[in-house]
Amino acid sequence: MSQPALLEEAHPASSNTSKTMKSKNAPRANAESMATKQRDISVSEFFAKNRHLLGFDNPRKALLTTVKEAVDNSLDACEEAGILPDITVIIEDLQPDRPASAKSARYRVSVVDNGPGIVRKQVENIFGRLLYGSKFHRLKMSRGQQGIGISAAGMYGLITTGKPMVIHTKPSAKQPAHHIELAMNTKTNRAEVTEDRETRDFPPERFARLTVGTRDLSERGEILSADVYPTGTSVSIELDGRYQKGRGSVDEFLELTAIANPHARFTFVPPSKVSEDEKDDTPLLKQRVSKFKVAGEDERADEGSSPAAPAPRPAEPQVTTETGGVMIFPRAVEDLPPETKEIQPHPKGIELGILLQMLKEAEIEKGGYTLYNFLQDRFSRVSSATASNLCEKIGKTSRTRVADMDHDAAERLFRELQDSKLPPPPTDCLAPIGVQQLLKGMFKGVRAEFYAASSREPAVYRGRPFLIEAAIAFGGELPGDEPCRVIRFANRVPLLFQQSACSSFKAVIETNWRNYDLQQPRGAVPVGAIVIMIHMASVWVPFTSESKEAIADYDEIRKEMKLALMECGRKLGTYLNKRLKMRRESERRDVFERYIGEIAKACNAINGADAKKLYEAMLAQAKKRTAIADLKLDEEGKKLKDEDPADQDGVIIVEQAMAPKLGARTNDDAPPVGKQSKAERAMTEVAARSKQAEEDSQPRLLENENPSTRTKAPKKSNPATKTPKKTGTPATPKSAQNDVRTADLGPASASESRIKPKMRLVNGKLVPADQPGLF
């Protein structure tokens, strides 16, 4: 061993020290060397590395996000152009031979709409550039607002498959369509076009020949018809994804979108293969729709020639249909939502830095722009008088130019704007779904017996107007032993993920559902056969992330949500109380009908009263006392009784779904000929036995009284039946005389007039024996 090695082995500490000194003497980075490594970061490059921020967390969610962004753009374009949306979503499986256990597969997602189309020079910017759009800088309700969605979907497809986007756009019905294929350059955030040509093939004929169902519907003109699609846009993206049914799937998204947008028609062509592990986990709402349609057909087939009960709604044009695997979500209404208007920002919703920037931009755009005009033109709800008053409070005049506003003057103006009493922002920028449309959407998508909806007055958060709507569906075929389903919407778009982080879900938990006869564990949603839907409409929805999956928890927003839910809960509580009372009265009537036959026979055996008429009188009295069990519903499911508290606006009650649970007897429930109930068999037996009693010479009870009227007999002094007063005989109480239900017996024979009426002892007093005394 050499001497240096021996020294190193003898003194290891000194050896390590020498190595550390050598590493310290190595050249380190300085400001100049670090400056050479610094460069710009493209926004597309950033989101390509952080695609989970946009909703592309996993293959299944990526497939859903792609469909969602394309459908949102199509709905916005159609509504802004005043066209009733007709949207077709097609998912093609490009690897049908893969094993069922594969974690992902390659799909081609195509979305075709009948909107106004896109002009050729804007195609590259819209589909191949992030943070580019027309909705970010305006205060107007719309589904998209960031200018990221469809471009990010194309970027994800390019990263996972390397295939460009294929776009067909036709802005004019008389001109050919444009066929464009482009890919995004993530380094520059610009699109690179690989193919650009004109074509007459729009909508693409290839889509109509994909499956047996599409061919059948195409022959009937029900899918991708040239008459329905004179203009529009088609976008196709190849990507790695995973198609599964169930919660958080494309199927559920389209079903919920159809509920929130009843003016739109959706056609969905699913892929040929479904992942094996969740094949049976179908969405809740879709099961109810298909079962409802089949049940309606079976009921009509079983009824035959018997008269059918009026249906609460015409089900045929509103029920989802399936043809060869192709799902069609029909249009429920033929009217577009009210057109929204763009508004200026409200002074209460700006901050000091924003005000300074607005003053600077106004100075550049318009030279000599006065502060007086600036306040009226750039803000909403600032009148001319308010603008003059604000100028005076900060020591300026109406002729003061914007260029003369320094930082101190701007800060004083900001404080005055926050302290002044201004009207709330206008609400014509919002297009809520509406109570009736909510009920139609819920009725189309959920199989229940009770529906209620509520729409709040517009409110303001951070100077931005918003409006909350809520709806609930209860009973029917909904499971009664599971936590309730919470359906969340923002600007008519379903929110399927991050439920616990959403303000809507927190509002449901904080609402005390026990006040409305529902079970609710502590800190959880209610348990029962109920579906809750909440919709927020706003010019700017405060999402928690760029993926737009949950609403931020603002106190103003959560308060309005709770108030809307409480209004629906009060309607539900009123209905549940009414239903409970109907059930109790029905059970009470059953008890009466069970025993009045025996009572009539006993009275006949004791005093020879007419048992048949006594039975009819007691039955009429039982029906009168339990009349609430016979309440009827009209064709809309509302009560015919005016005093019914459940007959309110924004409520639908389905009689067919509630009748089996209530046990209420209706005209359709009458037993057929040859099959009698216990009460009817008892009445028949009493009638047979009463024939012998009718031949007796004793006075007969209720001889001429009409049981249906149940009016008291006039108080006439009949000498034939008047009993002479005797000493020591207690007189009949006046109250008992008023309750005696007798009829005018008419002229009696001489022998009958000498017969004394039979008396019986009741509570120490003698009363006539022919008094029923049941009620």
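Residue indices follow the written sequence of each chain, beginning from 1 at its first position. Owing to the predicted nature of the model, reporting of local features is limited to residues with pLDDT of at least 70; listing and counting of side-chain atom pairs is limited to 80 or more, with chain, interface and lining totals taken over all residues. Computation of side-chain values: all heavy atoms of the structure, hydrogens and water removed.

Turning our eyes to something else, we now look at the overall build of the protein chain. In this description a helix means any DSSP run of H or I spanning at least four residues, a strand means any run of E spanning at least two, and both kinds are numbered starting from the N terminus. The number of helices and strands found in the protein chain is 22 helices and 18 strands. For every accessible area listed, the method is Shrake-Rupley and the probe measures 1.4 Å; residues are considered covered only by the protein chains on display. For the protein chain, the accessible surface area stands at approximately 39700 Å², while carbon and sulfur atoms represent 50% of it.

Moving on: the sheet that holds strand β8 (residues 321-323). In short, DSSP must find at least two bridges between two strands for them to pair. Spatially, β5-β4-β3-β6-β2-β1-β7-β9-β8 is the arrangement adopted by the nine strands of the open sheet, whose pairing is mixed. If you trace the sheet from one side to the other, it starts and ends with β5 (190-199) and β8, each paired once. This sheet shows a mean twist of 15° between the axes of neighbouring strands, independent of strand direction. The pairing of strand β4 (residues 177-185) with β5 spans nine bridges and is antiparallel. Looking across to β5, one finds that isoleucine 180 is bridged to aspartate 196. Packing against the sheet, helix α7 (residues 149-161) makes contact with β2 (105-113), β3 (165-170), β4 and β6 (232-241), and its axis sits at approximately 40° to β6. Contact criterion: two residues are considered in contact whenever any of their non-hydrogen atoms come within 4.5 Å of each other. Throughout, an axis means a line fitted to C-alpha atoms (over the contacting stretch in the case of helices), and angles, computed between N-to-C directions, take values from 0 to 180 degrees. Strand contacts of helix α9 (residues 250-260): β1 (86-93), β7 (265-269) and β9 (326-329), with the helix running at about 170° to β7, the strand carrying the most contacts.

Another point: the environment of isoleucine 557. For isoleucine 557, the location among the structural elements is in helix α17 (residues 555-607). Separated by 21 residues in the primary sequence, isoleucine 557 and methionine 536 have C-alpha atoms spaced 8.7 Å apart. Those residues in contact with isoleucine 557 that lie beyond four places of it in its chain are Tyr461, Phe466, Ile468, Ser503, Met536 and Pro542.

Further remarks concern the pattern of salt bridges. When a carboxyl oxygen of Asp or Glu is within 4 Å of a side-chain nitrogen of Lys or Arg, the pair counts as a salt bridge. Going through the model one piece at a time under the given rule, you end up with 29 salt bridges. Residue glutamate 252 pairs with arginine 485 through a salt bridge whose shortest N-O separation is 2.0 Å. One end of the pair, glutamate 252, is in helix α9; the other, arginine 485, is in strand β13 (residues 485-490), and 233 residues separate them in sequence. As far as burial versus exposure is concerned, glutamate 252 and arginine 485 are alike and both buried. For lysine 601, the salt bridge is made with glutamate 598, and the minimal N-O distance between the two is 3.2 Å. Residue lysine 601 and its partner glutamate 598 are located together in helix α17, separated by three residues, close to a single helical turn. Three or more residues are tied together by salt bridges with common partners; here these are Lys506, Glu510, Asp553, Asp555, Arg558 and Lys562. Remark: exposure states derive from per-residue accessible area (1.4 Å probe, protein chains only) relative to the maximum for the residue type, with buried under 20%, exposed over 50%, and partly exposed in between.

Every buried residue of helix α8 (residues 212-219) is accounted for by Gly213, Thr214 and Leu217. Seen end-on, α8 carries its buried residues on one side only, within an arc spanning 95°. For α8, the exposed residues lying more than 90 degrees away from the buried face are Val212 and Glu219. Residues of α8 that are buried sit in contact with β7, β8 and β9. Of the residues one or two after α8, glycine 221 is the one with positive phi, at around 75°. Arc, as used here, means the arc of the directions from the helix axis to the C-beta atoms.

The next thing to look at is empty space enclosed by the protein. Think of a 1 Å grid over just the protein atoms. A cavity is a set of points where a 1.4 Å probe fits yet cannot get out, a pocket is an open set with protein on both sides within 12 Å along at least five of seven lines, and lining residues have an atom within 4 Å of a point. Grid points are joined across faces, edges and corners, and a volume is the space filled by probe spheres set on the points. Taken as a whole and judged by the stated rule, the model has nine cavities of 30 Å³ or more. At the level of secondary structure, the elements contributing two or more residues to the lining of the largest cavity comprise α5 (59-80) and β14 (493-495). The element contributing the most residues to the lining of the largest cavity is α5, with five residues. Three residue categories are used. Nonpolar comprises Ala, Val, Leu, Ile, Met, Phe, Trp, Tyr, Cys and Pro, charged comprises Asp, Glu, Lys and Arg, and polar comprises the others, including Gly. Here the residues of the lining of the largest cavity are counted per class, giving seven nonpolar, three polar and five charged. If you count residues domain by domain, the lining of the largest cavity takes at least three from each of domain 1 (48-271) and domain 3 (435-571). Where each domain begins and ends follows an automated or database-derived domain assignment.

Geometry of an aromatic ring pair is reported as the spacing of the ring centres plus the angle between the planes. Centres within 6.5 Å are what make two rings of Phe, Tyr or Trp a pair, Trp counting through its six-membered ring; a difference in plane orientation under 30 degrees is then read as stacked, over 60 as edge-to-face, and the rest as tilted. Across all of its chains, the model carries 10 aromatic pairs by this definition. Their ring planes at 55° and their centres at 5.1 Å tell us that tyrosine 461 and tyrosine 554 sit as a pair that is tilted. Taken as a pair, tyrosine 461 in strand β11 (residues 459-461) and tyrosine 554 in the loop between β15 (530-538) and α17 lie far apart in primary sequence, 93 residues in all. Given a relative accessible area of 1%, tyrosine 461 falls into the buried group. Among the aromatic residues, those joined into a cluster by ring pairs are Tyr369, Phe374 and Phe379.

Here we come to the nonpolar core. For this analysis, a nonpolar core means a set of buried residues of the types Ala, Val, Leu, Ile, Met, Phe, Trp, Tyr and Cys, connected via side-chain atoms within 4.5 Å. Grouped together as the largest cluster of nonpolar side chains are 46 residues, with contacts concentrated most on Phe127 and Phe268. The leading source of residues in this core is α5, at seven residues. Among residues more than four places away in sequence, those in contact with phenylalanine 127 are Ile118, Ile150, Ser151, Met165, Ile167, Leu182, Thr233 and Val235. In this structure, Ala459, Ile468, Tyr516 and Leu572 belong to the second largest nonpolar core, which totals 37 residues.

Scored from 0 to 100, pLDDT reflects the predictor's confidence in each residue. For the protein chain, the mean per-residue pLDDT works out to 77, and 72% of the residues sit at or above 70. Below a pLDDT of 50 lies the segment residues 278-284, which in the model reaches 18 contacts outside its immediate sequence neighbourhood of four places, other chains included. Across residues 633-637 the pLDDT falls below 50, and counting only partners more than four positions away or on other chains, this stretch makes 16 contacts in the model.

Below, the discussion takes up the side chain of glutamate 92. You can see glutamate 92 is positioned in strand β1. With relative accessibility at 12%, the residue glutamate 92 sits in the buried group. Side-chain polar atoms of glutamate 92 contact the side chain of arginine 206, separated by 3.0 Å. Other than its neighbours up to four places away in sequence, glutamate 92 contacts Arg106, Tyr107, Arg108, Ser110, Arg206, Phe207 and Leu210. Side-chain atoms alone can form a polar contact between residues adjacent in sequence; in general such a contact is a pair of N or O atoms within 3.5 Å, and within protein one must be able to donate a hydrogen while the other accepts it.

Where burial is concerned, most of strand β10 (residues 450-455) is hidden: five out of the six residues are buried. As paired strands, β10 and strand β12 (residues 464-474) are joined by six bridges and run antiparallel to one another. In the strand pairing of β12, serine 455 is matched with glutamate 469.

Let us look at the packing of helix α16 (residues 503-510) against α17. Packing of α16 against α17 leaves a shortest axis separation of 9 Å and a crossing angle of 50°. Relative to α17, α16 is oriented oblique. Here α16 and α17 pass one another in a crossing that is right-handed. Listed contacts from α17 to Ser503, Ser504, Lys506, Ala507, Val508 and Glu510 of α16 are Ile557, Arg558, Met561, Lys562 and Leu565. Its residues assigned to classes, the contact of α16 with α17 comprises five nonpolar, two polar and four charged. Throughout this description, any angle smaller than 35 degrees is read as roughly parallel, any larger than 145 degrees as roughly antiparallel, any in the 65 to 115 degree range as roughly perpendicular, and the remainder as oblique. Should the near helix be turned counterclockwise from the far one by less than a right angle, the crossing is left-handed, whereas a clockwise turn marks it as right-handed.

Attention shifts here to the side chain of lysine 61. Mapped onto the fold, lysine 61 is located in helix α5. In contact with lysine 61, other than residues within four places in its own chain, are Gly55, Phe497 and Glu549.

On to the packing of α5 against α7, then. Look at α5 against α7: their axes get within 8 Å of each other, and the N-to-C directions meet at 140°. By the criterion of interaxial angle, the relationship of α5 to α7 is oblique. The crossing of α5 and α7 is left-handed. Counted together, Pro59, Ala62, Thr66, Glu69, Ala70 and Asn73 of α5 and Gly149, Ile150, Ala153 and Tyr156 of α7 form the full contact between these two elements.

Excluding glycine, residues mostly have negative phi values, and the peptide bonds linking residues are mostly trans. With omega at -10°, the peptide bond leading from phenylalanine 202 into proline 203 counts as cis. Topologically, proline 203 is positioned in the loop between β5 and α8. Of note, the phi angle at leucine 224 is positive, near 50°, even though the residue is not glycine. Tracing the backbone shows leucine 224 in the loop between α8 and β6. For leucine 224, a relative accessible area of 12% gives the class buried.

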